[in-house]
Amino acid sequence: IALLRMELLFLSNLLYNMMFRYGMLCIFQNHYYQPLWTLVGAGAKQLAPSSRPTASVIPSGVKWIQSRVQKLDPDKNCVHLENNQKISYKYLIIALGLQLHFEKIKGLPEGFNSPKIGSNYSIHTVEKTWKALQDFKEGNAIFTFPNTPVKCAGAPQKIMYLSEAYFRKTGKRSKANIVFNTALGVIFGVQKYADALLEIIKARDITVNYKYNLVEVRADKQEAVFENLDKVGETKVYQYEMLHVTPPMGPPDVLLNSPVSDGAGWVDLNKETLQHKKYPNVFGIGDCTNLPTSKTAAAIAGQSGVLDKTISSIMKGKTPSKKYDGYTSCPLVTNYNRAILAEFDYNAQPLETLPIDQSKERLISFHMKADMMPYLYWYGLLKGYWGGPAPIRKLLHLGLK
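Worth saying up front: this structure is predicted, and the values here are computed from it rather than measured. All residue numbers refer to positions counted from 1 along the written sequence of the respective chain. Residues qualify for local features only when their pLDDT is at least 70, as the model is predicted, and side-chain atom pairs are given and counted only at 80 or more; totals for whole chains, interfaces and linings, by contrast, use all residues. Side-chain calculation: all heavy atoms of the structure are included, whereas hydrogens and water are not.

Caption draft 1: Region of the structure containing unusual backbone geometry. Backbone torsion omega between L108 and P109 reads 5 degrees, so that peptide bond is classified as cis. The way it works is that DSSP assigns letters per residue, a run of H or I at least four long becomes a helix, a run of E at least two long becomes a strand, and they are numbered from the N terminus. Structurally, P109 is set in the loop between β10 (99–100) and β11 (117–118). A positive phi angle, near 65 degrees, is found at N84, a position not held by glycine. Tracing the sequence through the fold places N84 in the loop between β7 (78–81) and β8 (86–88). Backbone geometry places Q222, a non-glycine residue, at a positive phi of 55 degrees. Looking at where Q222 falls in the secondary structure, it is placed in the loop between β15 (212–218) and β16 (223–228). The class for Q222 is partly exposed, based on a relative accessible area of 25%. When accessible area is computed with a 1.4 Å probe and restricted to protein chains, residues below 20% of their type maximum are described as buried, those above 50% as exposed, and intermediate ones as partly exposed.

As C-alpha cells, this is what we get:
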C-alpha cells in the first residue's frame, strides 16, 4: 500500500501499475514487466531483465505498507488489511490487477511439474514454455485462450506465431501440427487486424478452432480436454507434444461482492474519467476495472494520463475535463523480427500512432515491442513521464484524426 501525505491511498498488486506524482502500492518484493514474457517464452529474451526490486521503483515520499488488503469500506473511507490494521483515506485509487486461475483447469497447476507444458502468464511457468518449445519433436503444438476476460488478449497467439517460426528455423515445421483452440468466436476483436492475422494463419498452415475452451490437462498422458462452447456437454481430447496454457482470469478475491465492484467483481467506473460511479473519491485503473477495453499495459499508460488530470481537478474542487477514449495497444509479434502494431479505442476502431499501415508485419513494430516499450515502461510510465502516445499521434498525423 502506498500513502502520500496520509491523504491518497493507492492499492495495487503491481501486475501492472501506474506511477505518477501521487505514488503507488505493492505487496511483492519484485516488480515485473510482464509484456516481456511473450519473448522470454520464445527464447528471444532472458527473464532477468523483466524484474526489478519493488523498492527501487517506489518514488520517494511514499510509505510502502507490505500487507494484503482484506476489505474495502468506501462508505467509511477506509481499507482493512490482513493484520487487522485499518487505514483511512481521503482519496482511493484501486489498481489491484486481476487474478490467474490455473486451478480452474482440472490437472493444473500440478501439471506444470510435467514437461511439455508452459504458460507465459506466470513467472513460475514462462521458462517452461521455452523448454517445451526446445524439446518439441513431433506432433501437436496446442495454444489456448480461455472463456474469461484476460490481460493482453493477443499474447496467447503471439507465442503461437513465434513457436511456428522457431519450428521453421530449427527444421521441425514439417513435424509440427500447430493448433490454436480459442473460446472466442473471432481471432481478434478489431476487423482490420483480424484480417491481417487470418492471412498469416492461412499462409503458415495453422489450425484455428473457435469456441473451444480448455477444461482439463492430463499431463501423464499428454492430453488436453476441450469443451465445445457451442454444444453443451461435448468435449474433445487432443494429444499434445507441446501445450501453452492461457489460464482463466478474474478479479481479485477482495473485489468480489465489494461495494466498489459491479456484479462480476470488477471496479465500477465512469469509462471516461475513471472515477467510481457511486463513490466520487474512489478511482480505478487497469486490469481490475470494468472499462470496456483490452486489459494491456498500453491501456494503463493511456488511463494514467487521464487519471492524473482527473484526480488533480477533483483535489482542486474542479470538474474533470480530460476523457479516456479507451485507447489500448497490442503489439502482435508474428516472428522473431516482425510484429503487427494494433492500436484501437473503445469502439474497436484503429487509433494508430504511426502514419503507416500498422496492420502490416514490420521490423519497426517488433523493435518497438522488444526494445522501446520496456524502456518506456521503466523510465517513462513508472516515473510519470509517459501517459500514452496521444501527443505523438497528433504530431505525426498533423493534428488530424
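Following the structure, the description resumes.
Caption draft 2: Focus on a positive patch on the surface. Nonpolar side chains (Val, Leu, Ile, Met, Phe, Trp, Tyr) are joined into patches within 5 Å and like charges within 9 Å, using only residues with over 30% relative accessible area and no salt bridge. Residue exposure ignores everything except the shown protein chains as possible cover, and the areas themselves are Shrake-Rupley values with a 1.4 Å probe. When a carboxyl oxygen of Asp or Glu lies within 4 Å of a side-chain nitrogen of Lys or Arg, that pair is called a salt bridge. For this count, His and the chain ends are skipped, Lys and Arg are scored as positive, and Asp and Glu as negative. By convention, the point assigned to a charge is CZ for Arg, NZ for Lys, CD for Glu and CG for Asp. On the surface, a cluster of positive charge is made up of K309, K316, K318 and K322. Along the polypeptide, K318 turns up in the loop between α6 (297–315) and β21 (328–335).

Caption draft 3: Structural detail: the nonpolar core. In this description, a nonpolar core means a group of buried Ala, Val, Leu, Ile, Met, Phe, Trp, Tyr and Cys residues linked to one another through side-chain atoms lying within 4.5 Å. Among the nonpolar cores identified, the biggest contains 59 residues, and F143, F167, I187, F188 and M242 are the most heavily contacted of them. In terms of residue count, the dominant contributor to this core is helix α4 (residues 155–169) (8 residues). Listed in part, the 39 residues of the second largest apolar core include L9, I94, I300 and Y346.

Caption draft 4: Quick peek at helix α7 (residues 363–379). For a helix, the expected span equals 1.5 Å multiplied by the residue count minus one. Along its 17 residues, α7 runs 23 Å from first to last C-alpha, staying within 8% of the 24 Å computed at 1.5 Å per residue. The largest bend in α7 is about 40 degrees, located at M372, with the proline P374 one to four residues further on. Regarding α7, the residues found buried are S365, F366, M368, K369, A370, P374, Y377 and W378. A residue's bend is the angle separating two fitted axes: one through the seven residues that end there, the other through the seven that start there.

Caption draft 5: Inspection of the packing of aromatic side chains at higher detail. Here is the rule: rings of Phe, Tyr and Trp (six-membered ring for Trp) pair when centre to centre is within 6.5 Å. Planes less than 30 degrees apart are stacked, more than 60 are edge-to-face, and the remainder are tilted. Within this structure, the stated rule accounts for 12 aromatic pairs. The interplanar angle of 80 degrees and the centroid separation of 5.4 Å between the aromatic rings of Y377 and W378 together place this pair among those described as edge-to-face. Overall, Y377 belongs to the buried group, its relative accessible area being 3%. You can call W378 buried: its relative accessible area is 6%. Aromatic rings pair up to connect W130, F136, Y166 and F167 into one cluster. Directly above the ring of Y346 sits K271, whose terminal nitrogen or CZ lies 4.8 Å from the centroid. Cation placement over rings: the criterion is NZ of Lys or CZ of Arg within 6 Å of the ring centroid and within 35° of the ring normal.

Caption draft 6: Structural view of the environment of S60. Tracing the backbone through its elements, the reader meets S60 in the loop between α2 (54–57) and β5 (63–64). As a C-alpha pair, S60 and G189 span 129 residues in sequence and 40 Å in three-dimensional space.

Caption draft 7: Highlighting the domain arrangement of the protein. Per the domain assignment, the segments of the protein are domain 1 (10–98 + 251–397) and domain 2 (100–250). Across the domain 1/domain 2 interface, buried area totals approximately 3100 Å², and carbon plus sulfur atoms make up 68% of it. The term buried area means the drop in 1.4 Å probe accessible area that two parts suffer when joined, counted for both and summed. The largest contributions to the domain 1 side of the interface with domain 2 come from W37, L98 and Y336, which together make up 18% of the buried area. At the surface where domain 1 touches domain 2, the tally comes to 3 salt bridges. K192 is the salt-bridge partner of E352, the closest N and O atoms lying 3.0 Å from each other. Where each domain starts and ends comes from a domain assignment, either automatic or drawn from a database.

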